[in-house]
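Descriptive structure summary
If you want the building blocks of each chain, they are given just below.
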Amino acid sequence: MISQDHALRQFFHDVVAECYNEHVGICDREVTSYIADLLTDFCISDRLYPIRDSDGRPVKEVGEMLLASDPVHGSAPSFDAEREIRKHIGDYALFCTGMYPESVHKWRENENANLYDMIRAGKESYYIVSTFDLFEYAAEAALFGRLSESFESCMFGLNQVRCELERKLPGRMPPDKAQKFLM
C-alpha cells in the first residue's frame, strides 16, 4: 500500500479535485478523496484483482466478481465479504469505465457484455454497499450512495483526469501498454 503522505497520493488528490471541480462540478471532498485514493491504490496491480477463484487465480471478469459477491448462491463466505467484493466491483468498474472506456470490451469474455453492463454493475455495487448502513459501516454508507447516484459523472471526471495526466506527464505510458498492464 502506498502511504498516506506519499507524493503520488497528493498528486492524485490535487488532479482529481481540480478536474472534478472544473469539468464536472463535483466539489464533494469526500468523493474526490475517495477517487484519488482509488487511483493511488490501483497503481499497485495486485489491488486491481484481489478476488481469487477456487484455484487462487485472480478473477478479472465482472460477471465472475458478481457471482463471487453472492453470500447465498456464490462464494462469499459472509455478508461482510459481499460488501467488500461489491465495493471492489464498484471501484473496478469506475476505474475501467473512467480511465479506459475504450478497452472495456477487451476485459470480457462474454460477447454480450458491454460498457453499459460495466456501468450498471458499478452503480448497483456501490448502491448495495450504501445499504450496509449500520455499525462500523454507517459512516461510509452515504459516500457510496453518492458514488452510485453520480457514477456517470464520476466516470466522466476520471476521463478528464486521464486527459490531464496525459497532458502533465511527459513520457507517459501509451494507452496500448496501459491496457496490456491491466489485462
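A few points on the structure.

Definitions and cut-offs
Once a new chain begins, its residue numbering starts again from 1 and follows that chain's sequence as written. This being a predicted model, a pLDDT of at least 70 is required before a residue's local features are given, and a value of 80 or more before pairs of side-chain atoms are given or counted; all residues contribute to the totals for chains, interfaces and linings. By convention in this description, side-chain values take in all heavy atoms of the structure and omit both hydrogens and water. Here a helix means four or more residues in a row that DSSP labels H or I, a strand means two or more in a row labelled E, and each is numbered from the N terminus. Given the number of residues in a helix, its expected span is that number minus one, multiplied by 1.5 Å. Note on contacts: a residue pair is in contact if any heavy atoms of the two residues lie within 4.5 Å. For every residue, the accessible area obtained with a 1.4 Å probe (protein chains only) is divided by the maximum for its type, and the residue is called buried under 20%, exposed over 50%, and partly exposed between those limits. By convention, a stacked pair of Phe, Tyr or Trp rings (six-membered ring in the case of Trp) has centres within 6.5 Å and planes under 30 degrees apart, an edge-to-face pair has planes over 60 apart, and any other such pair is tilted. We call a charge positioned over a ring when the NZ of a Lys or the CZ of an Arg lies within 6 Å of the ring centre and within 35 degrees of the ring normal. Grouping buried Ala, Val, Leu, Ile, Met, Phe, Trp, Tyr and Cys residues that are joined through side-chain atoms within 4.5 Å yields what is termed a nonpolar core. Under this definition, polar contacts are N or O atom pairs within 3.5 Å; protein pairs additionally need one hydrogen-donor-capable and one acceptor-capable atom, and for neighbouring residues in sequence, both atoms have to be side-chain atoms.

**Quick notes on helix α6 (residues 138-149)**
Between its terminal C-alpha atoms α6 stretches 18 Å, which fits the 16 Å expected from twelve residues at 1.5 Å a residue. Turning to α6, the residues buried within the fold contact α2 (29-41), α4 (79-99), α5 (115-130) and α7 (151-168).

**Overview of α7**
With 18 residues, α7 should cover 26 Å at 1.5 Å per step; its first-to-last C-alpha distance of 25 Å lies within 8% of that length. Among the residues making up α7, those that are buried are F151, C154, M155, G157, L158, Q160, V161, R162, E164 and L165.

**Details of the packing of aromatic side chains**
Under the defined criterion, the tally for this structure stands at eight aromatic pairs. On the numbers, 5.4 Å between centres and 85° between planes, the contact of Y34 with F144 is edge-to-face. Separated by 110 residues along the polypeptide, Y34 in helix α2 and F144 in helix α6 bring together distant segments of the chain. Accessibility classification places Y34 together with F144 in one group, the buried group. Summarising the aromatic geometry, the rings of F95 and Y100 are spaced 6.1 Å apart at their centres and angled 65° between planes, so their arrangement reads as edge-to-face. Here the two residues F95 and Y100 agree in accessibility, since each one is buried. The rings of Y34, Y126, F144 and F151 are connected pair by pair, giving a single aromatic cluster. The ring centre of Y49 lies 5.1 Å from the NZ or CZ of K60, which sits over that ring.

**Quick notes on the nonpolar core**
Within the largest apolar cluster, 46 residues are counted, with the highest numbers of intra-cluster contacts made by I35, L94 and L147. For this core, the secondary structure elements donating two or more residues are α1 (7-24), α2, α3 (62-69), α4, α5, α6 and α7. Counting residues per element, this core draws most heavily on α4, which supplies nine residues. For L94, the residues in contact, after removing those within four places along its chain, are I35, L38, M99, Y126, F151, C154, M155 and L158.

**Section: the environment of Y20**
Along the chain, Y20 turns up in helix α1. Apart from the residues lying within four places of it in its own chain, the contact partners of Y20 are G25, I26, T32, I35, C154, G157, L158 and V161. Of the polar contacts made by the side chain of Y20, one reaches the backbone oxygen of C154; its length is 2.5 Å.

These results come straight from atomic positions and should not be treated as a statement about function.
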